[in-house]
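As a plain string of letters, each chain reads:
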Number of protein chains: 2
Amino acid sequence: MDEIQKRILAEVADLHTVPEGAYNIRANGKTAARNTTANIDITPKPDGSGIDIQIKPGTKNESVHIPVVLSESGLKETVYNDFFVGADSDVVIVAGCGIDNCGVQDAEHDGIHRFYLGKNAHVKYVEKHYGSGDGQGKRILNPVTEAYLDEGSSMEMEMVQIKGVDSTDRKTKANLAAGARLVVRERLMTHGSQTALSSYAVNLNGEGASADVISRSVAKDNSYQKFDSRITGNAPCTGHTECDAIIMDKAKILAIPQLEANDLDAALIHEAAIGKIAGDQIIKLMTLGLTEAEAEEQIINGFLK
Amino acid sequence: MDEIQKRILAEVADLHTVPEGAYNIRANGKTAARNTTANIDITPKPDGSGIDIQIKPGTKNESVHIPVVLSESGLKETVYNDFFVGADSDVVIVAGCGIDNCGVQDAEHDGIHRFYLGKNAHVKYVEKHYGSGDGQGKRILNPVTEAYLDEGSSMEMEMVQIKGVDSTDRKTKANLAAGARLVVRERLMTHGSQTALSSYAVNLNGEGASADVISRSVAKDNSYQKFDSRITGNAPCTGHTECDAIIMDKAKILAIPQLEANDLDAALIHEAAIGKIAGDQIIKLMTLGLTEAEAEEQIINGFLK
């Protein structure tokens, strides 16, 4: 990998050297490096459309990194990655994607990630998206995340897209069996004339299933964001979704949360708030010696932390 | 009017005798009584499709009642009523509709009410819907309410549908100019196999416009409710919408609130909660001597008050 690719890798996966554990690094549409462990196997799909990640039951404290870097203008790819997480395992999966586009053609990566969690498995999933490059070509990322949680399993998703992605259409879907739990923390920032669509469809199908989906976003300049979150309670369950957004400049934000209760014992709650940064917060930081721009940056960083 | 019609009238408009002020009482598709005042004129539309209500500028402390009663099975009517509310006036408008259907054919009333509020006008609008009768024919009410609020005007809507309406598709739309204010209090209860759809689209177009839309609903038995509320901020404005629902038995509820901020100074908030009656609330009332059914009824009455 060249220097640009290494820099992107550091942004999306916090990787400065080759990671420990299992990994599959994809650069410009090809596998750049791969490692498997005794418990975690990574195999390419026969048709070349992506990879299968098999995690043995009972695997604990291991990690899988599958970062993707694109530094070629005009490249457009769709990749299917399937994670089979064995029962009682406890793993960390990191799946960032970064695009550096210095050319005039659009670069696009559409990653479809499917997670099949066995009974009582626990996954912490981190997905970071990042774009850079001063070309006119757009940086486009359309991730699809599907999670199927078997009884008693749990998944924690950290979805971050802070900078440089021109257009994104993020779709996340989860089906939860009895006692399963899903926690989502999404952080989004758009600037320039970027657009970001993010939708969640969470189905609480088993008794005692629970979900907590929280999105925090900042829309700057002329950017546009749409947040669409649906929690459906089909069993005795609890669901909470929250969408807090800061609007700046000439940005536009649309939030459409949906709650659907199909069971007497489904308890569902939603909160949403869209507003600009409170003036008195900025003034307070300015009295401490910051400029207005620095004060705004501090507040946004704190909000998205 | 016969006894049944009088009883319905009492339910939907709290009227036991002819009201004071202006009124237009419609019974089974025909005008049963009409009264105008020096400041409020009611005229039938030339094509017979409804009535125009003209309220002179500066009219204060007057009321308009336009109840509708249907007691004929198989009757289906669509009525357009337009309210032109002069500047600086302050009036109460009561517009209930009740259907008593003892027959086998459906009875349906679709009322389209449009309100044009002049500068600084204030309207309190009360709309009650009610159904009764033991016939197999359905009682269907599909009200459309549109409000156009000029600068500094305000409108308070109280929308109530507690009992006996088999199917309803309620659509409310409001456009607010600078400094205008809209307050909505909706109370809905469905039982049996009733369905109720309720949608709000509120556009805050002028500086300082504000809206507060609160819906409380109870869904019993096998009934279905869908609540769809959209507040769009196109100017410096504040909007709040809240949807609280109690689910009972085998009922289903879907809540889809939408917030759209198209201006830096639009501050929009939403809250929603769907759940069943808390068990400890029922137990508390049962220790005071109520049966479980009585306790539930008490809680629901308090919730919908």
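Residues numbered from 1 in each chain as written. Chains lettered and ligands numbered in written order. Predicted model: local features only at pLDDT ≥ 70, side-chain atom pairs only at ≥ 80, totals over all residues. Heavy atoms only, no water.

- An unreviewed UniProt entry annotates chain A as Fe-S cluster assembly protein SufD of Faecalibacterium gallinarum.
- Word for word, the UniProt comment on chain A under Sequence similarities (unreviewed entry) is "Belongs to the iron-sulfur cluster assembly SufBD family." (UniProt positions renumbered as here; feature names shortened; annotations may be inferred.)

## Description of the overall build of chain A
- Counting its regular elements, chain A contains three helices and 22 strands.
- Looking at chain A residue by residue over its 305 residues, the buried ones come to 56%.
- Considering only contacts in chain A between residues 6 or more positions apart, those separated by 24 or more positions represent 80%.
- Looking at chain A as shown, the accessible area adds up to about 12,400 Å², and 48% of this sits on carbon and sulfur atoms.
- Taken together, the 31 basic and 44 acidic charged side chains of chain A have centroids lying 2 Å from each other. (Helix = DSSP H or I, 4+ residues; strand = E, 2+ residues; numbered from the N terminus. Buried < 20%, exposed > 50% of the residue type's maximum accessible area, 1.4 Å probe, protein only. Contact = heavy atoms within 4.5 Å. Areas by Shrake-Rupley, 256 points an atom, 1.4 Å probe, with all protein chains shown as cover. Lys, Arg positive; Asp, Glu negative; His and termini not counted. Charge placed at Lys NZ, Arg CZ, Asp CG, Glu CD.)

## Let's talk about the side chain of T145 of chain B
- Relative to the helices and strands, T145 of chain B is located in strand β13 (residues 144–149).
- With residues near it in sequence (within four places) discarded, T145 of chain B still touches H113, F115, Y125, E127, M157, M159, K171, T172 and K173 of chain B.

## Focus on the UniProt feature "domain: SUF system FeS cluster assembly SufBD core" (unreviewed entry) in chain A
- In the numbering adopted here, UniProt assigns the feature "domain: SUF system FeS cluster assembly SufBD core" (unreviewed entry) to residues 85–303 of chain A.
- Annotated as 10% helix and 61% strand, the span residues 85–303 of chain A places its first and last C-alpha atoms 33 Å apart.

## Examining the interface of chain A and chain B
- The interface is formed by 30 residues belonging to chain A together with 30 residues belonging to chain B.
- Buried area between chain A and chain B, both sides added, is near 2,300 Å², and the carbon and sulfur share of it is 54%.
- Taken together, chain A and chain B are joined by two salt bridges.
- On inspection of chain A and its partner chain B, the count reaches 11 residue pairs in polar contact (both at pLDDT 80 or more).
- Contributions of two or more residues to the side of chain A that touches chain B are made by β21 (252–261) and β22 (266–275) of chain A.
- For the side of chain A that touches chain B, the class distribution of residues is 18 nonpolar, four polar and eight charged. (Buried area = accessible area lost by both parts, 1.4 Å probe. Salt bridge = Lys/Arg side-chain N within 4 Å of Asp/Glu carboxyl O. Polar contact = N/O pair within 3.5 Å; in protein donor to acceptor, adjacent residues only side chain to side chain. Nonpolar A, V, L, I, M, F, W, Y, C, P; charged D, E, K, R; others polar.)

## Things to note about the relation of the copies chain A and chain B
- Superposition of chain A onto chain B requires a rotation of 180 degrees combined with a translation of 0.0 Å along the rotation axis, giving an RMSD of 0.0 Å. Taken together, the rotation and translation relating the two chain copies correspond to the operation of a two-fold axis. Closest to the rotation axis within chain A is the C-alpha of E271 of chain A, separated from it by 2.2 Å.
- Both copies share a contact surface, since 100% of the interface residues of chain A are interface residues in chain B too. (Least-squares fit on C-alpha atoms with pLDDT ≥ 70 in both.)

## Some thoughts on unusual backbone geometry
All names here are of chain A.
- Despite not being glycine, N28 shows a phi value in the positive range, around 45 degrees.
- Along the chain, the position of N28 falls in the loop between β1 (22–27) and β2 (30–35).
- Using a relative accessible area of 15% as the deciding quantity, one classes N28 as buried.
- Notably, N61 is not glycine yet its phi reads approximately 55 degrees, a positive angle.
- One can find N61 in strand β5 (residues 60–65).
- Take N61: its relative accessible area is 74%, and that puts it in the exposed class.

## A look at helix α1 (residues 3–13) of chain B
Residues and elements named next belong to chain B.
- Among all positions in α1, only Q5, I8, L9, A10, V12 and A13 are buried.
- Close packing links the buried residues of α1 with β1 (22–27), β5 (60–65), β6 (68–70), β8 (90–94), β9 (97–100) and β11 (122–132).
- Where α1 terminates, the next one or two residues include D14, which has phi positive at roughly 50 degrees.

## Some details on the packing of aromatic side chains
- Summed over all chains, the structure comprises 10 aromatic pairs over all chains.
- When the centroid spacing of 5.2 Å and the interplanar angle of 10 degrees are considered together, the rings of F84 of chain B and Y116 of chain B count as stacked. With F84 of chain B in strand β7 (residues 76–85) and Y116 of chain B in strand β10 (residues 107–117), the pair connects residues that are 32 residues apart, well separated along the chain.
- Aromatic ring contacts, followed pair by pair, group F83, F115 and Y125 of chain A into a single cluster. (Phe/Tyr/Trp six-rings, centres within 6.5 Å; stacked < 30°, edge-to-face > 60°.)

## What to know about helix α3 (residues 292–304) of chain B
All names here are of chain B.
- Look at α3: 18 Å from first C-alpha to last across 13 residues, which is about the 18 Å you get at 1.5 Å a residue.
- For α3, the set of buried residues is A295, I299, I300, F303 and L304. In a view along the axis of α3, the buried residues occupy a sector of 155 degrees, so they form one face of it.
- Each element contacted by the buried residues of α3 is listed here: β14 (154–163), β16 (181–190), β18 (209–219), β20 (237–247) and α2 (279–287). (Expected span 1.5 Å × (residues − 1). Arc of directions from axis to C-beta.)

## Comments concerning the environment of A293 of chain B
- Looking at the element boundaries, A293 of chain B is found in helix α3.
- As a C-alpha pair, A293 of chain B and I269 of chain B span 24 residues in sequence and 35 Å in three-dimensional space.

## Section: the pattern of salt bridges
Residue and element names in this part refer to chain B.
- On inspection of all chains with the given rule, the structure shows 33 salt bridges over all chains.
- Note that E156 and K124 form a salt bridge whose closest N and O atoms lie 3.8 Å from each other. Residue E156 is located in strand β14, and its partner K124 is located in strand β11; the two are separated by 32 residues in the primary sequence.
- Using a relative accessible area of 32% as the deciding quantity, one classes E156 as partly exposed.
- For the salt bridge of R170 with E127, the shortest nitrogen-to-oxygen distance reads 3.5 Å.

## Some words on the nonpolar core
- Ranked by size, the top nonpolar core spans 100 residues in total, and within it M155 of chain A together with M155 of chain B carry the most contacts.
- Apart from residues no more than four positions distant in its own chain, M155 of chain B is found in contact with F115, L117, V123, Y125, A147, L149, R181, L182 and V183 of chain B. (Core = buried A, V, L, I, M, F, W, Y, C linked by side-chain atoms within 4.5 Å.)

## Thoughts on the packing of helix α2 (residues 279–287) of chain A against helix α3 (residues 292–304) of chain A
Residue and element names in this part refer to chain A.
- Running from N to C, α2 and α3 cross one another at 115 degrees; their axes reach a closest spacing of 9 Å. In this structure, α2 crosses over α3, and the sense of that crossing is right-handed. Between α2 and α3, the contacting residues are Q281, I282, L285 and M286 on the first element and E292, A295, E296, Q298 and I299 on the second. (Axes fitted to C-alpha atoms, helices over the stretch in contact; angles between N-to-C directions. Left-handed = near helix turned anticlockwise from the far one by under 90°.)

## Digging into the pairing of strand β14 (residues 154–163) of chain A
All names here are of chain A.
- Note: strand β11 (residues 122–132) against β14, nine bridges, orientation parallel. What sits directly across from Y125, in β14, is M157.
- Pairing geometry for β14 and strand β16 (residues 181–190), over eight bridges, is parallel. Note that in β16 the partner of Q161 across the bridge is L188. (Pairing = 2+ DSSP bridges.)

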